[in-house]
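As a plain string of letters, each chain reads:
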Amino acid sequence: MIPFSIDLTEVQKRIDKVTRFLGATLSIANAHTVEFYTHDVWSRFVAVSAEEVLSAIGTSDHQGEPQVIKEEPSKTTFGFCHDTNRLVDVHELLREAKAHSIPGLGLCMSRNELLEVLRRNMSELGDTSTDELEPDEFMNTKKSHEVQSMSEVVDCLAKCCGVKQESIISKCKPVIDVGSGKGYLSSFLSLQHGLRVFGIDSSSINTHGAQERNRKLKKFSKVYHKRRKAKREEEEEELQEEVAELKTGDESGPREVLQIPDSAEDTEELFLSALSLDVIQPGRTSPRSLTDEERERRKKENLERKAQNRSSSKDAVFSPLTSYVTAETELRELIDDLEDAVLVGLHTCGDLAPSTLRMFVAKAELLAVCSVGCCYHQLSEEFQPDPQDCLGSVFGFPLSQHLRRHSWFCGRNARMSACLALERVAVGQGIQMESLFYRAVLHVILRDHYHTHKSEKRVGNVYSKAKSFEDYIRRALRKLDLDDSQLSDGDIRRYHDAFSPRRSEMHAFNLLKVTLAPCIEGLILLDRLCFLKEQEDGSFSALVQLFDPLLSPRCYAIVGLKDERNRKSPKCDGINS
């Protein structure tokens, strides 16, 4: 079985470390930008100037000297004064935030490390490569990167669990893609890796779209493979011509030694080898020097590879299904003759990600899971003070018994902060400061002239349509069914001019929230990892970085693989009732 990369106790220690840090800093993450001016957020939480914060965050290593502070605290924790609970040491906060992020905690495997572990664990290591589809021909760059990176991991998990293409003909051993959406991952797993895939999505519109898209992709795949086949035949013909020239050419003088095949079978073997990655590895034995036994083995492998390539488009099936799934969903009622399966989810929204892990633990037929979540602001929290509507009182956070014992909650604004992308912000992407500024000043106008802070209606994306600040305010007021004639353009402009000098405070504060984002996301993901570790059934589980965070900010996956001895009797501890 795959060895444990880290045990439950270590995960719990890291969780406790992060909760101590967030206990002191979460107030910044939970401050709502809309209320930045109406609630005087900067003065409440920060005791240094905006310029000091911006300067500190602008240093690449966060190791500079502490800034001169406005108040002299007796002691600080994570940069916050014990007496006032305000931020007084920006550099200390930045250093601690880095140490309490996922990379700083030292718990995360890389994608390559995971693949190496899975491949070592496979009982069969035969070359099952097929003609590689280029997903960027029918996906954008971000989606292409995600699908290629994740599909290779899912394919390895499927092989570890015996969920292979051959099972299509016999019993149903599929990959189940929950929250499959338009079917990008499902289609690629089917067409590229030859896996039977069921894509389950709650939206019938998505399911119908996935069916239509998959139909078109199958046509694309057939044309693509024909094109690759023609190219190969052309390359083989050129290779044969080169071989003939070498056999009849001038043999005087030094030249590169080439092993000449003795038969048509050996020529085919040499050609197939040239198409594989193995040809660039040192020490590969040429067909001519193989023993009869080795030659027969290679011949068999080539036949199997060719058969698989021929059947990949024909036999591999992607079946989109429409259903709302939870941990209690009976998958065998959705999928006929289901025996074993691998459960996957690419950017499953809100509570669907924890539901995927609950399902994996609860159902014996699910042998492995690879779950990448997103939309943390949509998570339901069991211990949040204000009541939430939640289906069947099953909450998305916390998932682990460890955090549930401590009744831990983050808060919606903090979870929204967790969705911010530090890596993108660091290179000048990610935060639209002007729109945030406009919205915060609108809140002041609502307080001063309309005696309201909240409205049942949402302003929505008014900013993208507005031609000026005045236009934005008027559009927003009309969207909220308020009379904008109460204000002249001059009145509106005065609000803009009054708060413009404080825009740097809002910018600096939002960068502080971005700095805390990886820590909040880390706690949510460690909670999910801890949940799997708590099952005590010998399963392998890990937190894995699958994607480049610049291309795909929600780049972490929770991966689980059940121990063969416990696959038929998994525990279900931690499922809320």
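What counts and what doesn't
- Numbering of residues starts from 1 in each chain and follows the order in which that chain's sequence is written.
- With pLDDT at 70 or above as the cut-off, local features in this predicted model cover only qualifying residues; side-chain atom pairs require 80 or more to be listed or tallied, and sums for whole chains, interfaces and linings still use all residues.
- Side-chain figures throughout are based on the complete set of non-hydrogen atoms in the structure, without hydrogens or water.
- Helix and strand definitions follow DSSP, with helices as H or I runs of at least four residues and strands as E runs of at least two, each counted in order from the N terminus.
- Only protein chains enter the accessibility calculation, which uses a 1.4 Å probe. A residue is then buried if its area is under 20% of the maximum for its type, exposed if over 50%, and partly exposed in between.
- Any pair of residues with heavy atoms lying within 4.5 Å of one another is described as a contacting pair.
- Only the protein chains shown count as cover for residues, and all accessible areas are computed by the Shrake-Rupley method using a 1.4 Å probe.
- Scored between 0 and 100, pLDDT is the confidence that the predictor attaches to each residue.
- Note on geometry: axes are lines fitted to C-alpha atoms, helical ones only across the stretch in contact, with angles between N-to-C directions running from 0 to 180 degrees.
- Should an angle fall under 35 degrees it is called roughly parallel, over 145 degrees roughly antiparallel, and 65 to 115 degrees roughly perpendicular, with every other angle called oblique.
- Each helix crossing is assigned a hand: it is left-handed if the near helix lies turned anticlockwise from the far helix by less than a right angle, otherwise right-handed if that turn is clockwise.
- DSSP bridges decide pairing: two strands pair if at least two such bridges lie between them.
- Each pair of aromatic rings taken from Phe, Tyr and Trp, with Trp reduced to its six-membered ring, is defined by centres within 6.5 Å and is described as stacked if the planes are under 30 degrees apart, edge-to-face if over 60, and tilted in the remaining cases.
- Here, a disulfide means two cysteine sulfur atoms that sit within 2.5 Å of each other.
- What counts as a salt bridge is simple: a side-chain nitrogen of Lys or Arg found within 4 Å of a carboxyl oxygen of Asp or Glu.
- As used here, the arc belongs to the directions running from the helix axis to the C-beta atoms.
- When residues are sorted by character, Ala, Val, Leu, Ile, Met, Phe, Trp, Tyr, Cys and Pro go into the nonpolar class, Asp, Glu, Lys and Arg into the charged class, and all the rest, Gly among them, into the polar class.
- Between N or O atoms, a polar contact is any pair within 3.5 Å; within protein, one atom must be a potential hydrogen donor and the other a potential acceptor, and residues adjacent in sequence are included only when both atoms are from side chains.
- Residues enter a nonpolar core if they are buried and are Ala, Val, Leu, Ile, Met, Phe, Trp, Tyr or Cys, with the set joined through side-chain atoms within 4.5 Å.
- By definition, the crossover connecting two strands over a helix is right-handed if that path, from the first strand to the second, turns clockwise as seen with the strands pointing away from the viewer.

1. Focus: the overall build of the protein
- Each helix and strand counted, the protein has 20 helices and 10 strands in total.
- Across the 577 residues of the protein, 50% fall into the buried class.
- In the protein, 76% of the contacts between residues at least 6 apart in sequence involve partners at least 24 apart.
- In the structure as shown, the protein presents an accessible area of about 27,900 Å², 48% of it carried by carbon and sulfur atoms.

2. Concerning the confidence of the model for the protein
- Put simply, the protein has an average pLDDT of 78, and 68% of its residues get 70 or more.
- Here residues 124–131 is modelled with pLDDT under 50, and outside its nearest four sequence neighbours on either side it reaches 14 contacts, counting other chains as well.
- With pLDDT under 50 throughout, residues 569–577 is counted as low confidence; its partners more than four residues away or in other chains account for 29 contacts.

3. Describing the packing of helix H3 (residues 50–58) against helix H20 (residues 503–533)
- The contact between H3 and H20 brings their axes to 9 Å, and the two run at 40°. As judged from the angle between their axes, H3 and H20 are oblique. Classified by chirality, the crossing of H20 by H3 is left-handed. Contacts from Ala50, Glu51, Val53, Leu54 and Ile57 of H3 reach H20 at Ser504, Glu505, His507, Ala508, Leu511, Leu512 and Thr515.

4. Focus: the sheet that holds strand E6 (residues 318–322)
- Read across the sheet, eight strands follow the order E3-E9-E10-E8-E7-E4-E5-E6 without closing on themselves; strand pairing throughout is mixed. In the strand order of this sheet, the two ends are held by strand E3 (108–110) and E6, each with one partner. On average, each strand axis in the sheet is inclined to that of its neighbour by 25°, with strand direction left out of account.
- Direction of pairing for E3 relative to strand E9 (residues 540–545): parallel, over a ladder of three bridges. The residue of E9 that forms the bridge with Met109 is Val544.
- In this fold helix H6 (residues 111–121) packs onto E3, E9 and strand E10 (556–561), with an angle of close to 75° to the strand it touches most, E3.
- Here helix H13 (residues 352–362) sits on the sheet in contact with strand E4 (175–178), strand E7 (341–349), strand E8 (366–374) and E10, set at roughly 170° to E8.

5. Brief notes about the packing of aromatic side chains
- Tallied over the entire structure, the rule returns 11 aromatic pairs.
- Seen in terms of ring centroids, Phe21 and Phe78 are 5.1 Å apart; in terms of plane orientation they differ by 85°. Their pairing is edge-to-face. Of this pair, Phe21 sits in helix H1 (residues 8–30) while Phe78 sits in the loop between strand E1 (76–77) and strand E2 (80–81), and the two are 57 residues apart along the sequence. The same class applies to Phe21 as to Phe78, namely buried.

6. Points about the state of the cysteines
- In this structure the tally under the stated criterion is zero disulfides.
- We note that Cys108 lacks a disulfide partner, and the nearest cysteine sulfur, in Cys555, lies 7.5 Å from it.
- Taking relative accessible area as the criterion, Cys108 reaches 27% and is therefore assigned partly exposed.
- Free of any disulfide, Cys161 has its nearest neighbouring cysteine sulfur in Cys160, separated by 6.4 Å.

7. A short note on the pattern of salt bridges
- Following the criterion strictly, the structure yields 23 salt bridges and no others.
- Across the pair Asp155 and Lys159 runs a salt bridge, and its minimum N-O distance is 3.0 Å. On the criterion of helical spacing, the pair formed by Asp155 and Lys159 is a turn pair, its members being four residues apart in helix H7 (residues 141–160).
- Lys159 sits in the partly exposed class, given a relative accessible area of 26%.
- With its nearest N and O atoms 2.6 Å apart, the salt bridge here joins Glu381 to Arg415. Of the two residues, Glu381 is situated in the loop between E8 and helix H14 (401–405) and Arg415 in helix H15 (residues 412–417); the sequence distance between them amounts to 34 residues.

8. A look at unusual backbone geometry
- Cis peptide bonds are those with omega within 30 degrees of zero, and the linkage from Phe397 to Pro398 qualifies with -5°.
- Mapping Pro398 onto the fold places it in the loop between E8 and H14.
- Backbone geometry at Phe78 places phi at a positive 55°, although glycine is not the residue there.
- The exposure class of Phe78 is buried, given its relative accessible area of 15%.

9. Points about H6
- Within H6, the full set of buried residues consists of Arg111, Leu114, Leu115, Val117 and Leu118. Along H6, the residues classed as buried sweep out an arc of 165° about the axis, all on the same side. Across from the buried face of H6, at angles greater than 90 degrees, the exposed residues are Asn112 and Arg120.
- Looking at the buried positions of H6, the neighbouring elements they touch are E3, H7, E9 and E10.

10. Some thoughts on the packing of H13 against H20
- For the pair H13 and H20, interaxial distance at closest approach is 11 Å and the crossing angle is 10°. Taken as axis vectors, H13 and H20 run roughly parallel relative to one another. Mapping the contact onto sequence places Ala353, Pro354, Leu357, Arg358, Phe360 and Val361 in H13 and Arg528, Phe531 and Leu532 in H20.
- Per-class residue counts for the contact of H13 with H20 are seven nonpolar, no polar and two charged.

11. Focus: the side chain of Thr515
- For Thr515, the location among the structural elements is in helix H20.
- At a separation of 2.8 Å, a polar atom in the side chain of Thr515 contacts the main-chain carbonyl oxygen of Leu511.
- The residues touching Thr515, leaving out its near neighbours within four places in the chain, are Ile57, Leu94, Ala97 and Leu422.

12. What to know about the nonpolar core
- The biggest cluster of nonpolar side chains holds 141 residues, and the ones touching the most others in it are Met150 and Ile176.
- With 17 residues, H20 is the single largest residue contributor to this core.
- Contact partners of Met150, with chain neighbours within four places excluded, come to Leu185, Val344, Gly345, Leu346, Cys370, Val372, Leu546 and Phe547.

13. Some thoughts on the pairing of E8
- A large share of E8 lies buried, amounting to nine of its nine residues.
- The pairing of E7 with E8 spans eight bridges and is parallel. Each bridged residue has a counterpart across the sheet, and for Leu346 the counterpart in E8 is Val372.
- One crossover worth recording links E7 to the parallel E8 by way of H13, and it is right-handed.
- Pairing geometry for E8 and E10, over four bridges, is antiparallel. Looking at E10, one finds that Val369 is bridged to Gly560.

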